[in-house]
Amino acid sequence: MQVPAAIAGYPLRVERLCIGNLRVRFLVVSDLERFVDREALLRDTSAAEPPYWAHLWTASRVLARLVAEGGDRRGARVLEVGCGLGLPAIV
């Protein structure tokens, strides 16, 4: 897989996760913390921060694990709101 160097100015790297029996590989922003100005965010709620898709949220890892371990859901309908990278939906 050819990995683009960046998307929307954010440098990328490949992240690999093992969730249950699944092996998931996806792109994440390299060194995301350097794009977050914590002091600006504390001063101004409208301060710029990386987009939600740039975060691999801890909650998404937990939800992805619950989905993977929850049994057969073939044919079930699922709605993921506030997806970020969409890890639970991928799983």
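What counts as what
Residues numbered from 1 in each chain as written. Predicted model: local features only at pLDDT ≥ 70, side-chain atom pairs only at ≥ 80, totals over all residues. Heavy atoms only, no water. Helix = DSSP H or I, 4+ residues; strand = E, 2+ residues; numbered from the N terminus. Rg over C-alpha atoms; globule rule 2.2 N^0.38 Å. Pairing = 2+ DSSP bridges. Salt bridge = Lys/Arg side-chain N within 4 Å of Asp/Glu carboxyl O. Buried < 20%, exposed > 50% of the residue type's maximum accessible area, 1.4 Å probe, protein only.

Summing up its helical and strand segments, the protein has 3 helices and 3 strands in all. Taken from N to C terminus, the helices and strands of the protein fall in the order β-β-β-α-α-α. Radius of gyration (C-alpha) of the protein: 15 Å, far over the 12 Å computed for a compact globule of 91 residues. With the principal axes as the frame, the protein shows a C-alpha extent of 45 × 30 × 20 Å.

Let us now look at unusual backbone geometry. At Ala8, a residue that is not glycine, the phi angle is positive and equals roughly 55°. With a phi close to 50°, Asp31 is a non-glycine residue in the positive phi region. Mapped onto the secondary structure, Asp31 falls in the loop between strand 3 (22–29) and helix 1 (38–43).

Take the sheet that holds strand 1 (residues 6–7) next. The strands making up a sheet are joined through hydrogen bonds of the backbone, oriented either antiparallel or parallel. If you trace the 3 strands from one edge of the open sheet to the other, you get 1-2-3, paired in antiparallel fashion. Edge strands, defined here as strands with exactly one partner in the open sheet, are strand 1 and strand 3. Summarising the sheet, strand 1 and strand 2 (residues 10–19) pair through 2 bridges and their orientation is antiparallel. Looking at the pairing, Ile7 lines up with Tyr10 of strand 2.

Now for the pattern of salt bridges. All told, the structure shown has 5 salt bridges when counted by the stated rule. The salt bridge partner of Arg13 is Glu15, with a shortest N-O separation of 2.6 Å. Accessibility expressed as a relative area gives 13% for Glu15, which makes it buried. Of the charged contacts, one joins Asp31 and Arg34 as a salt bridge, the two residues approaching to 3.6 Å between their closest N and O atoms. Arg34 gets classed as exposed once you look at its relative accessible area, which sits at 54%.

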